[in-house]
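# Coordinates in review
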Amino acid sequence: MSPGRQASMPEAGYEPPQRLFLEEGHCVVRFVAEQDGESRDFDFMKFGLARPLRESFARAFDAHTGPAGQIKSLGAAGNCYRQVGYFIDVLTAEPNPPTTPAELRPRHVDAFALKKADLATAGMVIGLLRSLMVNMDGLTPEFAAKCTGWVPSRRERLVSRGSYSAAEEKAILDIARDTVRTAAKRIRASREVLDRWRTGHISEAEDPDTYEYATLLDMAERTGELPRNEKGNGLAPWAVRHGTVVSLTSAVHLTRAEVCAITLLLVRLTGENGSTVIMAPAAHHRTDGGAGPVATAQVDLSKPRRGRLRYMTAALSNLPTWASAPGEEGELSARDELHTPFGLYMLAWDLASSARRIMGSDRLLVYWVPKAGGTGVAKDTTRKLRNKPGRGFRDRLPDAAVGEWGAGFGLFAEEMGEDEEGKPVPVPLIVGVGRMRVTHRAREQKPVAHSKQTLADTYLRRDKSSTREYQKLVADVLEKEVIKAQTVGGIRRLSEADLADAAKDLEKTAKRFGVTPTMMRLLIARDADTVLAACTDNLASDHSPPGEPCRASFLKCLDCGCARAMPHHLPVQIAAHDVIAERRTQMTALRWAERFAFPFHQLEDLLDKAGNAAVARAQTKITDADRDLVRQLLEGELDQR
């Protein structure tokens with residue numbers, strides 16, 4: 001991550017901007033978003049409370065949403081304000097509403113919780129309200145304790161937006177790629193005309209039409225403006241024949257629809273939040289120095305809701321992630337810019353470069369709009385926008401932009417709905433960055449800016465659309481691995497009785513177990529041990545070419561004809577079996593099945609053959625060194641690189 005600017009103290013006489021306005025007839029809190037400086041005034045005069053309690057709520061809201069508070073985005077502040085309003089509705093519904101913070105009682109929180117009980121997000125809403133109210137002065141100890149208590153089952157009832165099916169994903173991504181390819185082709189063609197015009201290869205005398213058209217492109221590319229008529233309400237007459245304001249400006253700049261498509265593709269390729277992608281910076285660092293072999297750009301991203309942990313660095317590489325739904329036909333070049341995070345990022349960086357320069361923005365995605373509406377906020381609030389309404393450049397997308405763009409293509413969900421009579425009817429497919437990120441998690445099975453356990457226990461468990469498909473996939477993999485383990489059979493195992501036989505007749509016992517007498521001596525002396533077994537021939541492994549030393553993981557010994565299990569291996573085998581079973585709760589079911597299902601069943605087979613009595617005795621002999629060896633094995637620390 002880039003080090004950023006060095007911190008400095010405010011100049012002498014500096015006073016922070018006023019956020020709380022409590023003059024006569026006013027009770028307003030001004031919130032300023034940390035990321036982009038947009039602001040909104042939240043009016044507490046609308047709430048029918050006595051002034052002492054109203055002001056107390058306003059002060060608590062200011063503390064909770066201010067620079068030292070927990071809320072950093074405009075949307076989160078608006079939600080907090082709404083929840084305060086709902087709680088105040090509970091208070092004012094009483095015959096004698098409280099008038100001061102000291103009159104608030106724990107039963108008020110209970111009444112609010114009861115009112116929200118049917119919501120899946122009830123626990124989170126209650127937690128939000130209580131974390132705000134702890135900032136209030138004058139609370140009774142009982143109410144303060146109620147506000148600091150634990151909120152049980154906050155997320156247990158949450159169900160996320162389901163992931164897209166393979167067919168739905170393919171339809172959306174195909175449209176998004178077509179949109180971006182069309183934009184790239186248009187802007188690059190316009191730039192080619194501009195390059196010829198600027199280098200004198202287009203003559204006004206020989207080709208006046210192209211010369212005049214290039215003049216308009218140059219003006220739009222450099223300034224974002226076009227020549228106007230005398231009234232200033234349209235194009236100059238001589239420019240009209242070359243196109244409209246929209247067609248001429250979009251010839252060299254991205255449109256909102258195209259930025260929606262880029263955002264959707266970047267979310268699918270990277271797995272990042274839509275808001276994180278929209279706010280992604282144009283500044284980046286080429287770790288490969290621009291020379292390869294794998295082109296990579298490091299980009300500093302931000303997730304404001306994470307507070308001091310908001311900043312993170314993403315490495316966008318030129319390695320294809322093949323974000324194409326299964327079944328897409330045709331082979332795609334590894335250099336296809338729309339199928340790699342690096343390629344798409346650099347394409348967006350290039351296509352938006354002129355708009356970024358004109359606007360003076362430091363963000364990756366900047367586009368031009370012919371017109372825009374008002375603020376879209378309630379009458380009792382005011383809002384300072386990062387991007388002013390009207391024609392011009394934007395470097396952020398409205399929340400509904402991607403959905404509105406996707407709705408224009410008339411896509412339908414794969415799963416049919418029902419009408420009032422129960423008959424199947426097609427359901428419009430909602431296109432959104434949230435569901436596309438869920439789809440990334442479901443397809444890739446890899447965590448992005450969270451832990452593996454969070455991916456498995458929180459995100460994938462909530463994905464109702466892919467749960468059935470995912471469970472079937474896991475079941476298929478498990479069945480395949482179990483059948484494989486049963487078909488292959490376990491490795492050959494020597495018991496204590498076999499070792500006693502070897503002491504009496506070494507050659508006969510060695511022949512019975514398919515080894516030479518010399519190797520049998522090595523096995524007994526523990527000089528051929530790997531981790532979970534012993535190896536009888538390093539040059540004849542089932543996992544390496546004949547005659548070459550085996551380089552497979554020691555976990556593969558459980559699936560090798562050269563392996564022999566000895567009684568002294570039992571403690572470490574038990575430790576490995578237990579750790580692998582524990583890992584089942586720490587990673588996705590599919591990853592566990594693919595990596596550990598086979599060795600798990602092989603170990604189970606070895607423990608079953610050893611018998612309960614032998615396993616019980618061996619459990620008492622497991623050492624910390626055994627556990628550490630197993631950890632190194634499963635973490636790949638013992639593998640040859």
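Residues numbered from 1 in each chain as written. Predicted model: local features only at pLDDT ≥ 70, side-chain atom pairs only at ≥ 80, totals over all residues. Heavy atoms only, no water.

Looking now at the overall build of the protein chain. Tallying secondary structure elements over the protein chain gives 24 helices and 14 strands in all. Considering the protein chain as a whole, with its 641 residues, one finds that 45% of them fall into the buried category. Taking all contacts inside the protein chain whose residues are at least 6 apart in sequence as the whole, residues at least 24 apart take part in 64%. As presented, the protein chain carries roughly 33900 Å² of accessible surface, and 52% of it is formed by carbon and sulfur atoms. (Helix = DSSP H or I, 4+ residues; strand = E, 2+ residues; numbered from the N terminus. Buried < 20%, exposed > 50% of the residue type's maximum accessible area, 1.4 Å probe, protein only. Contact = heavy atoms within 4.5 Å. Areas by Shrake-Rupley, 256 points an atom, 1.4 Å probe, with all protein chains shown as cover.)

Those residues of helix α24 (residues 624-634) that sit buried are Asp626, Val630, Leu633 and Leu634. One side of α24 carries all its buried residues, which in axial view fall inside an arc of 90 degrees. In α24, the exposed positions that point more than 90 degrees away from the buried face belong to Asp624 and Ala625. At its buried positions, α24 is contacted by α21 (570-583) and α22 (589-610). (Arc of directions from axis to C-beta.)

Take the packing of aromatic side chains next. Under the definition given, this model contains 11 aromatic pairs. Summarising the aromatic geometry, the rings of Phe42 and Tyr81 are spaced 5.0 Å apart at their centres and angled 50 degrees between planes, so their arrangement reads as tilted. Here the residue Phe42 occupies a position in strand β3 (residues 39-43), and Tyr81 occupies one in helix α2 (residues 74-92), the gap between them amounting to 39 residues. With a relative accessible area of 6%, Tyr81 lands in the buried category. With a centroid separation of 5.6 Å and 70 degrees between ring planes, the pair formed by Phe44 and Phe47 is classed as edge-to-face. (Phe/Tyr/Trp six-rings, centres within 6.5 Å; stacked < 30°, edge-to-face > 60°.)

Before going further, it helps to spend a moment on the environment of Gly636. Mapped onto the elements of the fold, Gly636 is located in the segment after α24. A relative accessible area of 6% means that Gly636 is categorised as buried.

It is worth spelling out α22 at this point. The principal kink in α22, of about 55 degrees, is found at Phe596, preceding the proline Pro599 by one to four residues. A positive phi of about 95 degrees marks Gly611, the residue just after α22. (Bend = angle between axes of the 7 residues up to and from the residue.)

Time to look at the sheet that holds strand β14 (residues 563-565). Taken together, the 3 strands give an open sheet; going across it, the order is β12-β14-β13, and neighbouring strands pair in mixed fashion. Every interior strand has two partners, whereas the edge strands, β12 (492-493) and β13 (534-535), have only one. (Pairing = 2+ DSSP bridges.)

Here a disulfide denotes one covalent bond, and it connects the sulfur atoms of two cysteines. Per the counting criterion, the structure on display carries 0 disulfides. Summary of cysteine pairing: Cys557 is not part of a disulfide, and the nearest cysteine sulfur, belonging to Cys535, is at 6.4 Å. Judged by relative accessible area, Cys557 falls into the buried class, the value being 13%. (Disulfide = S-S within 2.5 Å.)

Of note, Arg526 is a non-glycine position whose phi angle comes to about 65 degrees, a positive value. Inspection of the secondary structure assignment puts Arg526 in the loop between α20 (517-524) and β13.

It is at 8 Å that the axes of helix α1 (residues 51-65) and helix α4 (residues 122-133) come closest, and there the two elements cross at 105 degrees. Between α1 and α4, the angle falls in the class roughly perpendicular. Touching Phe57, Ala60, Phe61 and His64 of α1 are Leu128, Ser131, Leu132 and Met133, all from α4. Each residue belonging to the contact of α1 with α4 can be placed in one class, and the counts come to 6 nonpolar, 2 polar and no charged. (Axes fitted to C-alpha atoms, helices over the stretch in contact; angles between N-to-C directions. Parallel < 35°, antiparallel > 145°, perpendicular 65-115°, else oblique. Nonpolar A, V, L, I, M, F, W, Y, C, P; charged D, E, K, R; others polar.)

Moving on to the packing of α2 against helix α3 (residues 106-115). Contact pair α2 / α3: the axes reach a minimum separation of 10 Å and the direction vectors enclose 115 degrees. Classified by the interaxial angle, the pair formed by α2 and α3 is roughly perpendicular. Here α2 and α3 pass one another in a crossing that is right-handed. Residues Gln83, Tyr86, Phe87, Asp89, Val90 and Leu91 of α2 lie in contact with α3, whose contacting residues are His108, Val109, Ala111, Phe112 and Lys115. In the contact of α2 with α3, the residues fall into 7 nonpolar, 2 polar and 2 charged. (Left-handed = near helix turned anticlockwise from the far one by under 90°.)

This part covers the pairing of strand β5 (residues 296-302). The element β5 is largely enclosed, with a buried count of 5 among its 7 residues. Summarising the sheet, strand β4 (residues 285-286) and β5 pair through 2 bridges and their orientation is antiparallel. If you follow Arg286 over to β5, its bridge partner there is Ala297.

Next up on the list: the side chain of His64. By secondary structure assignment, the location of His64 is in helix α1. With residues near it in sequence (within four places) discarded, His64 still touches Gly69, Gln70, Ile71, Cys80, Leu128, Ser131, Leu132 and Asn135.

For the structure shown, the criterion picks out 24 salt bridges. Of the charged contacts, one joins Glu221 and Arg198 as a salt bridge, the two residues approaching to 2.9 Å between their closest N and O atoms. Residue Glu221 is found in helix α7 (residues 208-223), and its partner Arg198 is found in helix α6 (residues 166-198); the two are separated by 23 residues along the sequence. Residue Glu221 pairs with Arg357 through a salt bridge whose shortest N-O separation is 3.3 Å. Linking Glu221 in helix α7 with Arg357 in helix α13 (residues 353-359), this pair joins segments that are 136 residues apart in sequence. (Salt bridge = Lys/Arg side-chain N within 4 Å of Asp/Glu carboxyl O.)

Here we come to the environment of Asp628. For Asp628, the location among the structural elements is in helix α24. Here Asp628 falls in the partly exposed class, since its relative accessible area comes to 34%. As a C-alpha pair, Asp628 and Val572 span 56 residues in sequence and 9.9 Å in three-dimensional space. A polar contact of 3.1 Å, which involves the side chain of Asp628, links it to the side chain of Arg631. (Polar contact = N/O pair within 3.5 Å; in protein donor to acceptor, adjacent residues only side chain to side chain.)

Successive side chains on a regular strand alternate, one facing one side of the sheet and the next facing the other. Within β3, 5 of the 5 residues are buried, which leaves it mostly tucked inside the rest of the structure. Of the two faces of β3, the one holding Ser39, Asp41 and Asp43 and the one holding Arg40 and Phe42 are both buried throughout. Sheet topology note: the strand β2 (residues 28-32)/β3 ladder contains 5 bridges and is antiparallel. Bridging from a neighbouring strand, Val28 pairs with Asp43 of β3.

Turning next to the nonpolar core. Core analysis: the biggest nonpolar cluster contains 52 residues, and Ile172, Leu254, Ile262, Leu264, Leu397, Trp405 and Val431 have the highest contact counts within it. It is helix α10 (residues 256-270) that provides the largest number of residues to this core, a total of 9 residues. When sequence neighbours within four positions are dropped, the list of residues in contact with Leu397 reads Arg256, Val259, Cys260, Thr263, Ile278, Tyr367 and Val402. Grouped together as the second largest cluster of nonpolar side chains are 37 residues, Ala33, Phe57, Ala58 and Val125 included. (Core = buried A, V, L, I, M, F, W, Y, C linked by side-chain atoms within 4.5 Å.)

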